[in-house]
Amino acid sequence: MIKIPFKNESIRIPKRYKSLIDEINQFEKLFQELTDTELRSKIFELNNEYQKHQDLNNLITRSFALTREASVRTLGLRHFNVQLMAGLVLNNGKIAEMKTGEGKTLVATLPASLNALSKKGVHVVTVNDYLANRDQVSMGQIFRFLGFNTGIIQSGMTPIERKKNYNSDITYVTNYELTFDYLRDNIEFNPQNIVLPAFNYCIVDEVDSILIDEAQTPIILAEANAIESPEKYVFASEITRYLEIDTHYKIDEKNKNVIITELGVEQVEKITQTETLFDRENPWMSFITNALRAETLFFKDINYIIQDNRIVIVDEFTGRIMPDRSWGEGLHQAIEAKEKVPIHPKSTTVASITYQNFFLMYPKLSGMTGTGKTSEVEFDKIYRLRVETIPTNKPIQRKDLPDLVYKDQFSKWNAIAKFCNNISSTGQPILIGTTTVEKSEMLAQLLSEYQLSYQILNAKPENVRRESEIIAQAGQTNSITVATNMAGRGTDIILGGNINFLIQKELYNILVFAKTELTKIQLKKNSDNFSKIVNLLNKLEFENQFFQSEIKLFEYFKARSIIQQNQSKYQKLIQTLQSLTKCYSQKFFSVLLSVINDEKFLKLSDINILRILQENDRIAIPTLSYQCAIRFMLNDLKSYFQKPHNQESQIIKNFGGLCVIGTERNESRRVDDQLRGRCGRQGDPGLSRFFVSLDDNLLRLFGGDKIQNFMGNDLLDNSPIESSVLSKSLTNAQKKVEERAYQQRKTLFEYDAILNRQRNIIYFERKILLNKSSIESDILGYGEQLICNFLTNQQNKTFNILEISKFFEYLLHRKIDLKLLERLKEDPNEMNIEELKIYFFQEFWLSYEAQLDIFSIFGEGLDIFRSFEKQIALSGYNLMWQDHLEKTSLLRDAVQWRSYGQKNPLTEYNREVSIMFQKQQEIFVYLTIFIILNVSIV
Ligand code: ADP
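Residues numbered from 1 in each chain as written. Predicted model: local features only at pLDDT ≥ 70, side-chain atom pairs only at ≥ 80, totals over all residues. Heavy atoms only, no water.

Colleague: When you look at the environment of Asn 193 in this model, what are you seeing that I'm missing?
Modeller: Position of Asn 193 among the secondary structure elements: in the loop between α9 (175-185) and β5 (201-204). What makes Asn 193 partly exposed here is its relative accessible area of 28%. Asn 193 sits 324 residues away from Glu 517 along the chain, and the two C-alpha atoms are 49 Å apart. With residues near it in sequence (within four places) discarded, Asn 193 still touches Pro 159, Asp 185 and Glu 188. In this structure the side chain of Asn 193 is engaged in a polar contact, spanning 3.4 Å, whose partner is the side chain of Glu 188. (Helix = DSSP H or I, 4+ residues; strand = E, 2+ residues; numbered from the N terminus. Buried < 20%, exposed > 50% of the residue type's maximum accessible area, 1.4 Å probe, protein only. Contact = heavy atoms within 4.5 Å. Polar contact = N/O pair within 3.5 Å; in protein donor to acceptor, adjacent residues only side chain to side chain.)

Colleague: Got a minute to help me understand the packing of aromatic side chains in this structure?
Modeller: Per the stated rule, a full pass over the model turns up 36 aromatic pairs. Residues Phe 298 and Trp 327 carry aromatic rings whose centres are separated by 5.1 Å and whose planes lie at 70° to one another, so their mutual orientation is edge-to-face. Within this pair, whereas Phe 298 is found in the loop between α13 (285-296) and β9 (304-307), its partner Trp 327 is found in the loop between β11 (321-322) and α14 (331-339), the two being separated by 29 residues in sequence. Take Phe 298: its relative accessible area is 5%, and that puts it in the buried class. (Phe/Tyr/Trp six-rings, centres within 6.5 Å; stacked < 30°, edge-to-face > 60°.)

Colleague: Help me out: how do you make sense of helix α32 (residues 801-812) in this one?
Modeller: Each α-helix turn comprises 3.6 residues. Residues three or four places apart therefore point the same way. Compared with an ideal rise of 1.5 Å per residue, which puts 12 residues at 16 Å, α32 spans 16 Å between its outermost C-alpha atoms and is within 8% of the ideal. Two residues or fewer after α32 comes His 813, characterised by a positive phi angle close to 60°. (Expected span 1.5 Å × (residues − 1).)

Colleague: Just to check I follow, could you spell out the site of the ligand for this structure?
Modeller: For the ligand, the set of nearby residues contains 16 residues, the closest of which are Arg 78, Gln 83, Gly 101, Thr 105 and Gln 682. Contact distances for the ligand include 2.6 Å between an oxygen atom and a backbone N or O atom of Gly 101. Thr 105 places a side-chain nitrogen or oxygen 2.6 Å from an oxygen atom of the ligand. In the complex, 72% of the free accessible area of the ligand, which totals 570 Å², lies under the protein chains. Sort the elements by how many residues they give to the shell around the ligand and helix α5 (residues 104-107) lands first, with three residues. Residues that form the shell around the ligand fall into these classes: three nonpolar, seven polar and six charged. No fewer than three residues from each of domain 1 (15-218 + 358-389) and domain 3 (397-495 + 657-722) sit in the shell around the ligand. (Near = heavy atom within 4 Å. Areas by Shrake-Rupley, 256 points an atom, 1.4 Å probe, with all protein chains shown as cover. Nonpolar A, V, L, I, M, F, W, Y, C, P; charged D, E, K, R; others polar. Domains from an automatic or database assignment.)

Colleague: Got a minute to help me understand unusual backbone geometry in this structure?
Modeller: Leaving glycine out, the prevailing phi sign among residues is negative, and the prevailing peptide bond configuration is trans. Here Asp 246, not a glycine, exhibits a phi torsion of approximately 70°, which is positive. Relative to the assigned elements, Asp 246 resides in the loop between α11 (230-239) and β7 (249-252). The phi dihedral of Arg 384 is positive, around 55°, even though this residue is not glycine. In this structure, Arg 384 sits in the loop between α16 (376-383) and β14 (387-389). Under the relative-accessibility criterion, Arg 384 is labelled exposed at 61%.

Here it is, written out as C-alpha cells:
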C-alpha cells in the first residue's frame, strides 16, 4: 500500500497562534457593534499608530478583526479561525499550506490589509490574469470598505496604467507581468516610464507553482533577431532522416538531450559537405542536435500544440498553453522546421533573472499553496521560507485508495475505462487527470467505446474557452471530466455543480434569446421604414377619418397591417418568454420585460451580457438600475434552483463525492497531491485512485532494476499487481525525479546568484543615473577612473610614450604634448605616474569643457548634450549587460567540461565571470567617454 501524505487533518491550531486568534475574536465582538463609518475610523487610528511607531506587530489583532468584519459586511464571508491562523502565518513571512477549497483568496486579505497600513505597497501574485482580475474585483470590496485602494496589472496595459496600479495600497498581479515589469524598468530610458515602486511585501498564491515549477528556467526579456538561415533548420530536419538511432546518435531521455556519435558526425559531414560540424563560420552541430531533439524528444499534443500555424508550448505542470514563451538556442526553430510551419527568428536576451533571485528581493515574502510540504526543504534553503500546515476547517473525508499497477499501457487504460464505467453507473461524478493532450484524447475515445459521455479539458484552444463551464459542471451527477494537469486552475469543483454558474447560464440564455428575437423584429421595422409608416398613419387619421380617395384608404390599411404584424410578433415573443419562464415568479417576468424594453438592451453584445452577469456576482451592492434588475433575477432564479441543487449535492455526497482518477504518477508527488486535492473540499466526501503501469515513463526511466525484473517476468493476465516493492519503487522514482529537478534549480540558482550580485550593481548604478537631470559628475568620474586604470596597467609594462599618446589622442580627441611626456620620463622604464595623471586629467577636463562650449553655442545645445550623454550612458549599461549575459551563458556551457579536469565548474565560473564583469565595466567606461568626447554637431 502506498503511503500518501495529506493526513494532517487532525492538527489543532498550535498554541502560539491561539492567543492571537482569541484576541482577534475579542475585538470582533467590539467591532460588530460599530457603524461602517466607525469601523473606517478604526483603520484611520491604526494608520496613525503605524506612522508614530513604524511597527505593525501591535496592530495585527485589531487589523485582522477589522478585515474580518469588513468581509462580513461586504461579501458576507466571515474568516474561519483556521483562516486567521493562515493569515498570521503569511504575515510572519512563511508559507501557509491550505488544502484546496479552504479559501486562500480570502486569507490573503488579512495580511494584505495589515501590511498596507505601512503605505509601502503589497503585491498579491497569482498565476494568471483571470485569477488576478477575479481576486482583485471580489477582495477589492473588503479593501475599499477599509479605505485602501487596490490595483490590478493585466497583460497589454500601458506603462502609465501599470504605474498607477502599482502605486495602489494593494496590487494584484501575475508573476509573469511582475517580473517582466522589473526587467523592462531596468532598461528604461525615461524615468517617467518606471512602473514599479520599491518592493515591500509580497504574497504569492500557488507558491509552489511559481517558486518551484516555474523556477526551472530563467525569465528572459528578449528581442527578436534577424533570422540567420531558416533553410539551415529545414535542411537539418531533412538530414535526420538519414541518421539512425544508436549508430549515428543516442537519446538521453532523462536529460532531454541527444548525443551524436562519431559515425554520426562523419555522416552529417558527408551530407553537408563540410570539413567540420564545429566550423565557427558555418556551424552545423547545434542545428543537427536540435533537429534530432525535435524529432525524438518533443512531440505534438504532448510538449506543444500547433495553433494558427505556430508552435505553442504546453506547460507540463499546468497543462496550459504558453503562447508567449519559446524554447531557446534554436530548439523552437528546429521544431518549426519539423512541423513545416513558418520559422520565426531566434531572439537575443536583453535581460534575464530567475524567479529565485527575483522574489528574494522582497524584504518580506510569503506564500500560499495546497501542497507545500513536499518541497519544504527547497523553500527553506533557497527562499528562506518555512512551510506551516493549516488545519482544515472541517475534517477531511477523502479516501485515497492504494495505486493499482498494471503490466502495460494497454491493460492500464482499459482498466481505467472500465473503472469509469462502473463508477459512472452509480451517478458519481468523475475527474480524470492525464499528463498530456494526446493521452486525454486517447482516453476520451476509450470512454466513447463504453458509450460514456464526457468533457475534455486540455490545452487545445477550443477546450480552454469552455474551461470555467466544464469545471463548474464537473461535480454534477454522472459527469465525467478528462483533464490534463490541473495545477493553478483556480476554480472549485462543487458537488452538484456550481449553482451560480447554472443560474447565470439560465439568465444568459433567456436574455440572449430575447435579444435575438427583438433584433429580428427591429430589423423588420427598419426594412419597412417603420417610423415613416407610423407617421403616415397618424397623418391619415388626423387628416380625415373618412378617406376621400381609394389610394389613401389603401395606404391606410397597408400601414395598419404592418404595425399590427410587428405588434403581434412582439406579443408572440412575450408569450414565448412567458412560457420559458413560467416556473419563476411574476415579478421575475415583469423585471425581465423592463430590462429587454430598455432601448440600451438591444445594443449589448452577447459577450457584454455575459460580462454583466458575471460581474454581478462580484459587486456587493448594486447601484445602477440594470444591476439591481439583474441581481433580482439572479436571486429569484437561485431560490428556484437551490432546492434541487442541494438535493443533488446530497445525493452525490451519498455516492461518495467526486471520484478523482490519476492515470499515471506524475514526476512530482506535489502534482499528484494537487489532483487528489480536487475532491473532498471543505469536508466533502471524495475518493482518489491512481492507475499505474510498469512501462509508464516514471517507472521506466527511474524505477531501477527491480522494475526491470518485474517487467521481465512474463505477466500474462491483465489484473493489477499490488506489491510493496512496486509501491516503494514508485515513490522512490518520484523522489529521484524531484531531487533531480531540485538539483537543477539549485544549480541554476547558484549560477544566477553570481550574476545576481553583478546585476544588482548594474541596475543600482543605472537607476541613479536615470533619476539625475545631469550626469556630468559621473562622466568626470568615469574619465578619471579610466585614466587611472590605463596608467596603472602601463606601470607593469615598459613605458611606451607613443602608445600612451595614441591612446589618449584617440580617446580625448585632442593633440597630446609628446615633449611633456618625454620630460616626465625619469628613466627609460619609469614615468612619474602622479604627474601624468594630473596632466591627462587636465586634458580630459579640457576636452569635456570644449564639448560643452561647442554645444552651448546653439540655442538648446547644452540641454541636448546633457540628454545625449545620459542616453549614451544608459544604453551603454544595457548593451554591456546584454553582452555580459551572452558571454556568461557561453561560459556556463564551457566550464561544465572542466569538471573532467577535477575542477569545480561553479568556482571556475565564479572566477571568470568576475574577471569578465570587470572587463565589461572597463569597456563601458571607455566607450561612454569616447562617444561623448567625439560627438559633433553636424
Ligand atoms: P482555495 O484557493 O483555497 O482553493 P478559494 O479561495 O477558491 O479556495 O475558496 C473556495 C470557496 O470557499 C470560495 O467559493 C469561497 O467563497 C469560499 N470561502 C472561502 N472562505 C470562506 C468563509 N470563511 N466562509 C464561507 N465560504 C468561504
